[in-house]
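So you can see what is in the structure, the chains are spelled out below.
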Amino acid sequence: MNSIVTIPQRIPTTEFEERRFKVFTDRQLDKIEPIQKLPEETRFEMKVVSSVLPFRVNEYVINELINWDNVPNDPIYQLTFPQKGMLSDEHFERMAQLHREGADKAEIKAVAREIREELNPHPAGQMAMNLPTLNGEPLEGIQHKYNETVLFFPAQGQTCHTYCTFCFRWAQFVGDKDLQISSTDAEKLHGYLQAHPEISDLLVTGGDPMVMKTRNLIQYLEPLLEPEFNHIQTIRIGTKALTFWPYRFVTDKDADELMDLFARLVDAGKHVALMAHYNHWQEITTDIAEEAIRRIRSTGAEIRAQGPVIRHVNDNADDWARLWKKQVQLGIIPYYMFVERDTGAKNYFEIPLAKAFHIYRDAIKQVSGLGRTARGPSMSAGPGKVEVQGITEINGEKVFVLRFLQGRNPDWVQRPFFAKYSETATWLHELEPAFGEEKFFFEDEYEQMRKGNG
Ligand SMILES: *Cc1c(COP(=O)(O)O)cnc(C)c1O
Ligand code: SF4
């Protein structure tokens, strides 16, 4: 494949110096300097939790994003380092005991596997229900849930520059091969897109596709410039590299080639959007983070921001307002505020829907219209993306006003529906229909769809 680099004039050169990417995993916890200064007990807890949940953090995050004077409350520390509360007491004790006894690796692994199975590793039935087929063959690494958008999981992009402690894709980072969803096959992707003219959006996701070399990305995306892919109007790339490794866009060896790819896709008439995962304004406080944003935007690609609202990290309105303002200032478009999914360490991170709504509302109030493009709080549930639109009282009954932003049946979208108010519910399946109704309007149809897919 042709990948001759001609850098268009509009991509600026940079003054920043190249940096080596250095990463630490659970086996190197003790080698992280600021960790050595933490109490013995905290370090033991980290060891226990990281033998069950994925842990990976790089030097840039450690040295430049975390304020170690504010540990353990620092939001980026909570976002990246394992905490005791991320496991239930029972699970924690079980694993802690093994470590105290000096159990061997195989035993620790076996127990870790058992615990993970109890943590709902695949929420919202994504494996079984969204796997498409081409010529009767199931296509691993592709998900097609909403008509116009296909998700693609390239095999080389199934890791991240750092792992988020709350990640709903955590299961694929701990080596359980049967839990992974990924694809190596560019041909299958292109075949599928070609066979489906109704698809307008390709969303490349992971892990983080930005861990891939640019040449891999070229292999997937450059063919979309051919006329048979004219229906693919939008190419989105989900990434947290703007937070965890902004050098990817600035000084990495193939950063210029990446900017060139974006520019060529844009020049050919595609809408290119980086779907940047942000949780906290502290992620956009370094010069290199701003430089990465500037460079990406200079190619004509857009940056849209999305991320979940999570306890211990960003469960207050002021931090969200500050994040959205900073994004708008830098030319990023706020897109979604998500509700944390029902998986992994959810007990540690989840907040009630009622609280999530109040955070959203109190944050939106503080920003201008340009920041109010963020929709949410939204749950990516089995039937679709469901937004909590409001809390109100109708005929004396306190209710949640809900709507589908995306539905497994497109006809469900934008119909307001109502659930009994709950102080504590954290997810759609904990909600009950309001006004004495037995079921939500979509439930029978969704049940049929589930059966249809085995
Ligand atoms: C969120 C999501 C999309 C994209 O939805 P948009 O509302 O277009 O951003 C596509 N597929 C799946 C499975 C999703 O969860
Ligand atoms: S960057 Fe995204 S995929 Fe990677 S750990 Fe964080 S939330 Fe998960």
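**Q** Please clarify how the layout of surface pockets should be interpreted in this entry.
**A** Take a probe with the size of a water molecule and roll it over the atoms, and the empty space left behind shows itself. Of the pockets and cavities examined, the largest pocket occupies roughly 1,100 Å³. Lining the largest pocket are 48 residues, and of these Phe168, Arg169, Thr205, Gln306 and Phe338 sit closest to its centre. At the level of elements, β5 (142-146), β6 (149-152), β8 (234-239), β9 (271-277), β10 (302-309), β11 (333-339), β12 (375-380) and β14 (397-407) are the ones that each hand at least two residues to the lining of the largest pocket. Residue composition of the lining of the largest pocket, by class: 22 nonpolar, 16 polar and 10 charged. Considered as a void within the structure, the second largest pocket measures approximately 770 Å³ in volume. Surrounding the second largest pocket, 23 residues form its lining, Asp26, Arg27, Ser50, Ser51 and Lys109 being those nearest its centre. At the level of elements, α2 (40-50) and α6 (105-117) are the ones that each hand at least two residues to the lining of the second largest pocket. Ranked by residue count, the leading element in the lining of the second largest pocket is α6, at seven residues. In terms of residue class, the lining of the second largest pocket is built from nine nonpolar, five polar and nine charged.

**Q** Could you clarify how one ought to interpret the site of ligand 2 in this entry?
**A** Ligand 2 sits among Cys160, Tyr163, Cys164, Cys167, Phe173, Gly207, Lys240 and His277. Considering only residue class, the shell around ligand 2 consists of five nonpolar, two polar and one charged.

**Q** How should I be thinking about the domain arrangement of the protein in this particular structure?
**A** A common way to express how large an interface is: the accessible area buried when the components associate. We note that the domain assignment places domain 1 (23-117) and domain 2 (123-333) within the protein. Computed from C-alpha coordinates alone, the two centres of domain 1 and domain 2 are separated by 27 Å. Contacts between the two partners involve 25 residues from domain 1 and, on the opposite side, 28 residues from domain 2. Both faces considered, domain 1 and domain 2 share a buried interface measuring about 2,200 Å² in area, 60% of it formed by carbon and sulfur atoms. When the area that domain 1 buries against domain 2 is broken down by residue, the three leading residues are Arg56, Tyr60 and Leu79, summing to 31%. Applying the counting criterion to the domain 1 and domain 2 interface returns zero salt bridges. At the surface where domain 1 touches domain 2, the tally comes to 10 residue pairs in polar contact (both at pLDDT 80 or more). At the level of secondary structure, the elements contributing two or more residues to the side of domain 1 that touches domain 2 comprise β2 (56-58), α3 (59-65), α4 (75-80) and α6. The element best represented in the side of domain 1 that touches domain 2 is α4, accounting for five residues. Here the side of domain 1 that touches domain 2 is composed, by residue class, of 16 nonpolar, four polar and five charged.

**Q** Teacher, can you tell me more about unusual backbone geometry here?
**A** Most peptide bonds take the trans form, and the phi angle of most residues other than glycine is negative. A cis geometry characterises the amide bond from Gly206 onward to Gly207, with omega recorded as 20°. Its identity as a non-glycine residue notwithstanding, Asn120 has a phi of 50°, on the positive side. Located in the positive-phi region is His312, a residue other than glycine, with phi close to 75°. Residue placement: His312 occurs in the loop between β10 and α13 (317-329). On the accessibility criterion, His312 (29% relative accessible area) is partly exposed.

**Q** Can you help me understand the sheet that holds strand β15 (residues 417-420) in this one?
**A** Pairing between the strands of a sheet is mediated by backbone hydrogen bonds and can be parallel or antiparallel. Pairing is mixed in the open sheet, where 11 strands are placed in the order β5-β6-β7-β8-β9-β10-β11-β12-β13-β14-β15. Lying at the two open borders of the sheet, with one neighbouring strand each, are β5 and β15. Along the sheet, successive strands turn relative to each other by an average axial angle of 30°, direction set aside. With six bridges joining them, β10 and β11 adopt parallel strand pairing. Note that in β11 the partner of Ala305 across the bridge is Pro334. Running at roughly 25° to β5, helix α8 (residues 186-195) makes contact with β5, β6 and β7 (201-204) of the sheet. Lying over the sheet, α13 contacts β10 and β11, oriented at roughly 150° with respect to β11.

**Q** Looking at this structure, how should I read the site of ligand 1?
**A** In the vicinity of ligand 1, the contacting residues are Lys145, Tyr146, Thr149, Leu151, Arg236, Tyr335, Tyr336, Lys385 and Gln406. The side chain of Arg236 places a nitrogen or oxygen atom 2.8 Å from an oxygen atom of ligand 1. Here an oxygen atom of ligand 1 and a side-chain polar atom of Tyr335 are 2.7 Å apart. Mapping ligand 1 onto the cavity grids shows that it belongs to the largest pocket. For the shell around ligand 1, the elements supplying multiple residues, two or more each, are β5, β6 and β11.

**Q** Teacher, can you tell me more about the packing of aromatic side chains here?
**A** Two aromatic rings, taken as a pair, are described by how far apart their centres are and by the angle between their planes. Scanning the model with the defined rule gives 27 aromatic pairs in all. With 4.7 Å between their ring centres and 40° between their planes, Trp245 and Tyr247 make a pair best called tilted. You can call Tyr247 buried: its relative accessible area is 4%. With centroids separated by 6.1 Å and ring planes inclined at 85°, the aromatic side chains of Phe404 and Phe441 adopt a geometry described as edge-to-face.

**Q** Could you clarify how one ought to interpret the environment of Asn70 in this entry?
**A** As for its position among the elements, Asn70 is in the loop between α3 and α4. Judged by its relative accessible area of 32%, Asn70 is partly exposed. The spacing of Asn70 and Ser380 is 310 residues in sequence and 32 Å in space, taken between C-alpha atoms.

**Q** Even after reading the chapter, I still don't get the nonpolar core, so can you show me in this structure?
**A** Generally speaking, a soluble globular protein has its nonpolar side chains buried in company with each other. If you look at the biggest cluster of nonpolar residues, it comprises 115 residues, and the most contacted ones within it are Phe81, Leu202, Leu221, Leu242, Phe249 and Phe262. In terms of residues, this core owes the most to one element, helix α11 (residues 255-267), which gives six residues. Residue contributions to this core reach at least three from each of two domains, namely domain 1 (23-117) and domain 2 (123-333). When near neighbours in sequence (up to four residues on either side) are disregarded, Phe81 contacts Leu29, Ile32, Ile35, Met46, Phe55, Val57, Ile62, Ile66, Trp68, Met86 and Thr165. Leu353, Phe357, Ala425 and Leu428 belong to the second-largest nonpolar core, a separate cluster that totals 22 residues.

How each quantity is defined
Here the residue numbering is sequential within each chain, running from 1 through the sequence in written order. Starting at A for chains and at 1 for ligands, labels are handed out in the order in which the entities are written. Totals for whole chains, interfaces and linings use every residue, but because this is a predicted model, local features are given only for residues with pLDDT of at least 70 and side-chain atom pairs only at 80 or more, for both listing and counting. Excluding hydrogens and water, the side-chain values take into account all heavy atoms of the structure. Lining residues are defined by having an atom within 4 Å of a point belonging to a cavity or pocket. Those points lie on a 1 Å grid over the protein atoms alone, cavities being sets where a 1.4 Å probe fits but cannot get out and pockets being open sets with protein on both sides within 12 Å along at least five of seven lines. Grid points are joined across faces, edges and corners, and a volume is the space filled by probe spheres set on the points. Think of it this way: any DSSP run of H or I at least four residues long counts as a helix, any run of E at least two long counts as a strand, and we number them from the N terminus. Under the scheme applied here, ten amino acids are nonpolar (Ala, Val, Leu, Ile, Met, Phe, Trp, Tyr, Cys and Pro), four are charged (Asp, Glu, Lys and Arg), and all others, including Gly, are polar. In this text, near means that some heavy atom of the residue lies within 4 Å of the molecule or strand in question. Domain delimitation follows an automatic or database domain assignment. In this analysis, two residues are considered to be in contact whenever any of their non-hydrogen atoms come within 4.5 Å of each other. Here the quantity called buried area is the accessible surface, traced with a 1.4 Å probe, that two parts lose on coming together, added over both. Throughout this description, the term salt bridge denotes a Lys or Arg side-chain nitrogen within 4 Å of a carboxyl oxygen of Asp or Glu. Here a polar contact is recorded for every N or O atom pair within 3.5 Å, except that within protein the pair must consist of a potential hydrogen donor and a potential acceptor, and residues adjacent in sequence are included only if both atoms are side-chain atoms. Exposure categories follow from relative accessible area, calculated using a 1.4 Å probe and restricted to protein chains: below 20% of the type maximum is buried, above 50% is exposed, and the middle band is partly exposed. Whether two strands pair comes down to DSSP finding at least two bridges between them. Think of each axis as a best-fit line through the C-alpha atoms, taken over the contacting stretch in the case of a helix, with angles from 0 to 180 degrees between the N-to-C directions. To qualify as sitting in a cavity or pocket, a molecule needs more than half of its atoms within 2 Å of the grid points. Side-chain rings of Phe, Tyr and Trp, where Trp is taken by its six-membered ring, are said to pair if the distance between their centres is within 6.5 Å; with planes under 30 degrees apart they count as stacked, over 60 as edge-to-face, and otherwise as tilted. We define the nonpolar core as a collection of buried residues of types Ala, Val, Leu, Ile, Met, Phe, Trp, Tyr and Cys that are connected through side-chain atoms lying within 4.5 Å of one another.

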